[in-house]
Amino acid sequence: MQSLLWVLGGGLSFWIPALLAGYLNGSTTLVNLAAVLGVALFGVIAKQFGTRRPRWGWILVGVYVLGPPVMLAPSAFAASTAPVEHHLMWALLFCAFPPITLWMSLLNGTIFSLLATTAGLAVLATRPRAGHV
């Protein structure tokens, strides 16, 4: 259960600020900055107020697993002429294959923040814990 909270918190802290920045301004730079700052803020808050050390690996999993659903969510409200079943099938396939997050982020311009966050969280996840050798 604890891991699920890290996945949800990490994924939402990355994608929701990026989504909001895209709607408010649309600048690719601002969108990428908002995404990275969202995860950084989540990490700071988790470290400051949490009783346990943040699980950086699970946060990274959340960024990749929640990427497609969050990026596809706005299109659910757009008018479409294609049958709903067709869109639902593709949405489910995208959500079942998290590496598609890289491709989708390339299309919407968040690839820079995704790669930077991936590198940063991978380094944090592989760091030895304090007191462990």
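Reading the values: the criteria
- Residues numbered from 1 in each chain as written.
- Predicted model: local features only at pLDDT ≥ 70, side-chain atom pairs only at ≥ 80, totals over all residues.
- Heavy atoms only, no water.
- Core = buried A, V, L, I, M, F, W, Y, C linked by side-chain atoms within 4.5 Å.
- Buried < 20%, exposed > 50% of the residue type's maximum accessible area, 1.4 Å probe, protein only.
- Helix = DSSP H or I, 4+ residues; strand = E, 2+ residues; numbered from the N terminus.
- Contact = heavy atoms within 4.5 Å.
- Phe/Tyr/Trp six-rings, centres within 6.5 Å; stacked < 30°, edge-to-face > 60°.
- Patch = residues over 30% accessible without salt bridge, like charges linked within 9 Å, V, L, I, M, F, W, Y side chains within 5 Å.
- Areas by Shrake-Rupley, 256 points an atom, 1.4 Å probe, with all protein chains shown as cover.
- Salt bridge = Lys/Arg side-chain N within 4 Å of Asp/Glu carboxyl O.
- Axes fitted to C-alpha atoms, helices over the stretch in contact; angles between N-to-C directions.
- Parallel < 35°, antiparallel > 145°, perpendicular 65-115°, else oblique.
- Left-handed = near helix turned anticlockwise from the far one by under 90°.
- Nonpolar A, V, L, I, M, F, W, Y, C, P; charged D, E, K, R; others polar.
- Polar contact = N/O pair within 3.5 Å; in protein donor to acceptor, adjacent residues only side chain to side chain.

(A) Spotlight on the nonpolar core. Grouped together as the largest cluster of nonpolar side chains are 22 residues, with contacts concentrated most on F14, W15, V39, I59, V63, L114 and L121. For this core, the secondary structure elements donating two or more residues are α1 (2–24), α2 (28–49), α3 (56–72), α5 (100–108) and α6 (111–126). For this core, the leading source of residues is α3, giving eight residues. If sequence neighbours within four positions are ignored, V39 has contacts with G10, S13, F14, I59, T117 and L121.

(B) Main features of the packing of aromatic side chains. A complete count under the given rule lists two aromatic pairs for this structure. An angle of 80° between the planes, with centres 4.6 Å apart, marks the rings of F14 and W15 as edge-to-face. Residue F14 shares its accessibility class with W15, and that shared class is buried.

(C) Region of interest: a nonpolar patch on the surface. Residues M1, L4, L8, L12, I16, L20 and L24 make up a contiguous nonpolar surface patch of roughly 730 Å² in combined accessible area. Here L24 shows up in helix α1.

(D) Looking closely at the packing of α3 against α5. Put simply, α3 and α5 touch, their axes get as near as 9 Å, and they point 45° apart. What the angle tells us is that α3 and α5 run oblique. Note on packing geometry: the crossing formed by α3 with α5 is left-handed. In this structure, α3 uses V63, Y64, G67, P68, M71 and L72 to contact α5, whose residues at the interface are I100, T101, L102, M104, S105 and N108.

(E) Spatial organisation of the packing of α5 against α6. Where α5 meets α6, the closest approach of the two axes is 8 Å, and the angle between their N-to-C directions is 140°. Comparing their axes, α6 and α5 come out oblique. Contact with α5, carried on its side by T101, L102, S105 and L106, involves I111, L114 and L115 of α6 and no other residues of that element. Across the contact of α5 with α6, the residue classes break down as five nonpolar, two polar and no charged.

(F) Up close: the environment of S113. Tracing the chain through its elements places S113 in helix α6. Owing to a relative accessible area of 2%, S113 belongs among the buried residues under this scheme. Considered as a pair, S113 and A34 are 79 residues apart in the sequence and their alpha carbons are 8.8 Å apart. Contact partners of S113, with chain neighbours within four places excluded, come to F14, N32, A35 and V36. In terms of polar contacts, S113 uses its side chain to reach the side chain of N32, at 2.8 Å.

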